[in-house]
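Examining the three-dimensional arrangement
If you want the building blocks of each chain, they are given just below.
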Amino acid sequence: MRRIVLMMSVSLDGYMEGPGRDLGWHLVDDEVHDHFNEVLGAMGAFLDGRVTYELMAEFWPTADSDPESPRPMVEFARIWRDMPKIVYSRTLEKAHWNATVVREVVPAEVAALKSQDGGDLALGGAGLAATFLRHDLVDEFRLYVHPLVLGAGTPLFPRSETPRPLRLVETRTFGNGVVLLRHERTRAAADG
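In what follows, the accompanying structure is described. (Residues numbered from 1 in each chain as written. Predicted model: local features only at pLDDT ≥ 70, side-chain atom pairs only at ≥ 80, totals over all residues. Heavy atoms only, no water.)

**Points about the pattern of salt bridges**
The condition is simple: What counts as a salt bridge is simple: a side-chain nitrogen of Lys or Arg found within 4 Å of a carboxyl oxygen of Asp or Glu. Elements are defined by DSSP. Helices are runs of H or I of four residues or more, strands are runs of E of two residues or more, and each kind is numbered from the N terminus. Only protein chains enter the area calculation, which uses a 1.4 Å probe; residues under 20% of their type maximum are buried, those over 50% are exposed, and those in between are partly exposed.
Taken as a whole, this structure holds 18 salt bridges when the rule is applied. Notably, a salt bridge pairs D139 with K114, separated by 2.8 Å at the nearest N-O pair. Within this pair, whereas D139 is found in the loop between helix 5 (126–134) and strand 7 (140–146), its partner K114 is found in helix 4 (residues 107–114), the two being separated by 25 residues in sequence. D139 sits in the buried class, given a relative accessible area of 11%. Close ionic contact of E184 with R167 constitutes a salt bridge, the shortest N to O distance being 2.8 Å. Of this pair, E184 sits in strand 10 (residues 179–185) while R167 sits in strand 9 (residues 166–173), and the two are 17 residues apart along the sequence. Beyond isolated ion pairs, a larger network of salt bridges with shared partners links R3, D120, E140, R142, R167, E170, R182 and E184.

Take a look at the structure:
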């Protein structure tokens, strides 16, 4: 069965974007980008909210047409264009680049998606992640902790009264100081 994988860059203090949606602090060099390409290229689909999809669709469809684009960006442009995308949005009328618009997160529909053949499903965007977390649908967390404290911005995790036990399955430190913390959910036998 496929898993829902929340894969996100965060500051040390837990923000996924700075004030004004600033992402300029992300430290993505060739080593980190190559890793992202390897992981994301093996996924079966991207699950994005409208904001994340529109941000990606603004840049990645043609990023490889610029002769100055570094090799990892050229590779990711191809991965992004070719990868099936499910965009969760109540307002977006249509999406391009191998994307399907779905109006809301329905746990039974997500379970059916997970039961299909193919690679895991990459979940992107803090708003959509909050909805998936509220429905207890995230199976794996891949957090890329960047070595800085932002102090403000959009937190990755919403407040919750429900603890979610996790098991650390991998750590990796990249040359630029970014640290991958990969955790899997530990679920009771009754949860499946």
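**Things to note about the pairing of strand 9**
Side chains on a regular strand alternate between the two faces of the sheet. For the record, the criterion: When DSSP finds at least two bridges between two strands, those strands are taken to pair.
Here seven bridges tie strand 9 to strand 10, and the two strands are oriented antiparallel to one another. Note on strand 10: the bridge partner recorded for T171 is L181. The antiparallel pairing of strand 9 with strand 10 creates a hairpin that spans five residues between the two strands, and G177 there sits at a positive phi of about 95 degrees.

**Comments concerning the packing of helix 2 (residues 50–59) against helix 3 (residues 71–82)**
Convention followed: Interaxial angle, 0 to 180 degrees, is taken between N-to-C directions of lines fitted to C-alpha atoms, where a helix line uses only the stretch in contact. We call two directions roughly parallel when the angle between them is under 35 degrees, roughly antiparallel when it is over 145, roughly perpendicular when it lies between 65 and 115, and oblique otherwise. A clockwise turn of the near helix away from the far one marks a right-handed crossing, whereas an anticlockwise turn of less than a right angle marks a left-handed crossing. Working rule for contacts: check all heavy atoms of both residues, and any pair within 4.5 Å makes them a contact.
Across the interface, helix 2 lies against helix 3 with an axial gap of 11 Å and an inter-helix angle of 125 degrees. The orientation of helix 2 relative to helix 3 falls into the category oblique. Both helix 2 and helix 3 take part in a crossing whose hand is left-handed. Seen from helix 2, the contacting residues are Y53, M56, A57 and F59; seen from helix 3, they are M73, F76 and W80.

**Section: helix 3**
Put simply, the test is: The length a helix should cover is 1.5 Å for every residue beyond the first.
Counted at 1.5 Å a residue, the expected span for helix 3 with its 12 residues is 16 Å, and the 17 Å between its end C-alpha atoms agrees. By the burial criterion, the buried members of helix 3 are P72, V74, F76, A77, I79 and W80. The secondary structure elements touched by the buried residues of helix 3 are helix 1 (30–41), strand 3 (45–49), helix 2 and strand 4 (85–88).

This is a description of form; function is not addressed.
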